[in-house]
Each structure stands twice: as structure tokens, then as C-alpha cells.
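# Chains, contacts and geometry: an overview
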Amino acid sequence: MAHAPMTKAEFRQALKTMGTTAHKVASDIGVSQRQAYRYASGETDIPPAMAILVRMLVKHHKAK
């Protein structure tokens, strides 16, 4: 099953929804702080597995 790509805007909205920053979420998603900033800026595409993980974190955060 193909998953929709995650845009930088969606990534930034996910951070906002969770009340966090790229700096703070980096270790939670298993990337360097610099890589998280690359995702947020659109400098680097967000891999499908990372998009799934971030979307799951958002759902978990909303369920709290």
C-alpha cells in the first residue's frame, strides 16, 4: 500500500500539533537535529517510513 508523501508543511503542522519543535522531536523519530530541520525546511524529502512514524506520533498525541 502506498502512503501519501509528507510535505514540509504537514511536518511543521505535526510539530505544532504535538507542541514540539524539530530540535526536540529529532531523538523521538531517530534522526539528528539537523535532519529534522531539513524535513521542516523542505531541504530533504521525508521518507515514507518517517512520514508514517510522524503521523502515528500525532495520532498518539491527540489520543492522550
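Right above here is the structure, for reference.
### Side note on the layout of surface pockets
Looking at the largest pocket, its volume works out to about 160 Å³. Mapped onto the lining of the largest pocket, the elements with two or more residues apiece are helix H2 (22-29) and helix H4 (48-63). Tallied by class, the residues present in the lining of the largest pocket amount to three nonpolar, three polar and three charged.

### A short note on the nonpolar core
Membership of the largest hydrophobic core comes to 18 residues, with the highest contact counts inside it found for Phe 11, Ile 29, Val 31, Ile 46, Met 50 and Val 54. Elements with a minimum of two residues in this core: helix H1 (8-18), H2, helix H3 (33-41) and H4. Once residues within four sequence positions are removed from consideration, Phe 11 is found in contact with Met 6, Val 25, Ile 29, Ala 36, Tyr 39, Ala 40, Ile 46 and Val 54.

### Concerning the packing of H1 against H4
Between H1 and H4, the least distance of the axes is 10 Å, while the angle of their chain directions is 25 degrees. One element, H1, and the other, H4, form an angle in the roughly parallel class. Crossing handedness for the pair H1 and H4: left-handed. For the pair H1 and H4, the contacting residues are Glu 10, Phe 11, Ala 14, Thr 17 and Met 18 in the first and Val 54, Arg 55, Leu 57, Val 58, His 61 and Lys 62 in the second. For the contact of H1 with H4, the per-class residue count stands at six nonpolar, two polar and three charged.

### Overview of H2
Among all positions in H2, only Ala 22, Val 25, Ala 26 and Ile 29 are buried. Looking straight down H2, one finds its buried side chains confined to an arc of 125 degrees; they lie on one side. Exposed residues pointing more than 90 degrees away from the buried face of H2 are listed as Lys 24, Ser 27 and Asp 28. Looking at the buried residues of H2, the elements they touch are H1, H3 and H4.

The rules behind the values
- Along each chain, residues carry numbers from 1 onward, in the same order as the chain's sequence is written.
- Totals for whole chains, interfaces and linings use all residues, but because this is a predicted model, local features are given only for residues with pLDDT of at least 70 and pairs of side-chain atoms are given and counted only at 80 or more.
- Only hydrogens and water are removed before side-chain values are computed, so all heavy atoms of the structure are retained for them.
- A cavity, in this analysis, means grid points on a 1 Å lattice covering only the protein atoms where a 1.4 Å probe fits yet has no way out; a pocket is instead an open set bounded by protein on both sides within 12 Å along at least five of seven lines, and a residue lines either one if it has an atom within 4 Å of a point.
- Grid points are joined across faces, edges and corners, and a volume is the space filled by probe spheres set on the points.
- Put simply, DSSP H or I for four residues or longer makes a helix, DSSP E for two residues or longer makes a strand, and each gets a number counted from the N terminus.
- Amino acids outside the nonpolar list (Ala, Val, Leu, Ile, Met, Phe, Trp, Tyr, Cys, Pro) and the charged list (Asp, Glu, Lys, Arg) are all regarded as polar, and Gly is one of them.
- Here the nonpolar core consists of buried residues drawn from Ala, Val, Leu, Ile, Met, Phe, Trp, Tyr and Cys, with membership extended through side-chain atoms lying within 4.5 Å.
- Categorising residues by exposure relies on relative accessible area from a 1.4 Å probe, with only protein chains included: less than 20% of the type maximum marks a residue as buried, more than 50% marks it as exposed, and the intermediate range marks it as partly exposed.
- Should any heavy atoms of two residues lie within 4.5 Å, those residues are considered in contact.
- Lines are fitted to the C-alpha atoms to define the axes, a helix being fitted only along its stretch in contact, and any angle between axes, read from their N-to-C directions, falls within 0 to 180 degrees.
- Small angles under 35 degrees read as roughly parallel and large ones over 145 as roughly antiparallel, with 65 to 115 read as roughly perpendicular and the rest as oblique.
- Two helices cross in a left-handed way if the nearer one is turned anticlockwise from the farther one by less than a right angle. They cross in a right-handed way if the turn is clockwise.
- Comment: arc refers to directions from the helix axis out to C-beta atoms.

Geometric values such as these leave the question of function open.
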